[in-house]
Structure formats: structure tokens, C-alpha cells
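An overview of the molecular structure
So you can see what is in the structure, the chains are spelled out below.
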Amino acid sequence: VLASLPLQMMLYFNVYYFPVWCLAEGMMLQLKYHLLPQHYQFLLVAAFLILSLTEGSRLYLGYVGNLQEK
């Protein structure tokens, strides 16, 4: 079994930094939310949700793919 050690290390650190990014981004979104027009509010929330779900699935698939060599 030959898993990529550099990829596994990057995924490992990204798993710990992702919640920090999510918390910081959520706090900034909350602070500026009421100052923006309604269409920007919708776009920001949609982008935040899409990026969070995409990053979570990317990290999961990276772990599974690297450890199972897929």
C-alpha cells in the first residue's frame, strides 16, 4: 500500500484548519450581513454553504482516496 504522505499531511492539517476558517467566515458574515442588500445576503449565504459542503466532501474523499489508493 503506497499512500501519498505529503497529500495525507496536507489533508490532516486542512481538517484542523477548516473549522477555524468556517468559524471566522461565519463570524464575518454575521457582522456584515445586515449592512448588505438582500440579493448580496442571499449570494453570500449560498456561497458559504456551497464552499463548506464542497470542502467537507473534498476532505473526506481525499482521505478515503489516498488511504485506499483510489
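Residues numbered from 1 in each chain as written. Predicted model: local features only at pLDDT ≥ 70, side-chain atom pairs only at ≥ 80, totals over all residues. Heavy atoms only, no water.

Moving on, we come to the side chain of Gln8. Inspection of the secondary structure puts Gln8 in helix H1 (residues 5-32). If we ignore the near neighbours within four places in the chain, the residues touching Gln8 are Tyr63, Asn66 and Leu67. (Helix = DSSP H or I, 4+ residues; strand = E, 2+ residues; numbered from the N terminus. Contact = heavy atoms within 4.5 Å.)

Here the focus is the packing of H1 against helix H2 (residues 38-67). At a minimum axis separation of 10 Å, H1 and H2 run at an interaxial angle of 170°. By the criterion of interaxial angle, the relationship of H1 to H2 is roughly antiparallel. Residue composition of the contact of H1 with H2, by class: 15 nonpolar, seven polar and four charged. (Axes fitted to C-alpha atoms, helices over the stretch in contact; angles between N-to-C directions. Parallel < 35°, antiparallel > 145°, perpendicular 65-115°, else oblique. Nonpolar A, V, L, I, M, F, W, Y, C, P; charged D, E, K, R; others polar.)

Before going further, it helps to examine the UniProt feature "transmembrane region" (unreviewed entry) in the protein chain. Under the feature "transmembrane region" (unreviewed entry), the UniProt entry names residues 12-30 and 42-61. Between the first and last C-alpha atoms of residues 12-30 the distance is 28 Å; the span itself is 100% helix and 0% strand. Secondary structure content for residues 42-61 is 100% helix and 0% strand, and the end C-alpha separation is 28 Å. (UniProt positions renumbered as here; feature names shortened; annotations may be inferred.)

As a further point, take H1. With 28 residues, H1 should cover 40 Å at 1.5 Å per step; its first-to-last C-alpha distance of 40 Å lies within 8% of that length. Of all the bends found along H1, the most pronounced is centred on Tyr16 and spans about 30°, while Pro19, a proline, follows it within four residues. Of all the residues in H1, the buried ones are Gln8, Leu11, Phe18 and Leu29. In this structure, the buried side of H1 is in contact with H2. (Expected span 1.5 Å × (residues − 1). Bend = angle between axes of the 7 residues up to and from the residue. Buried < 20%, exposed > 50% of the residue type's maximum accessible area, 1.4 Å probe, protein only.)

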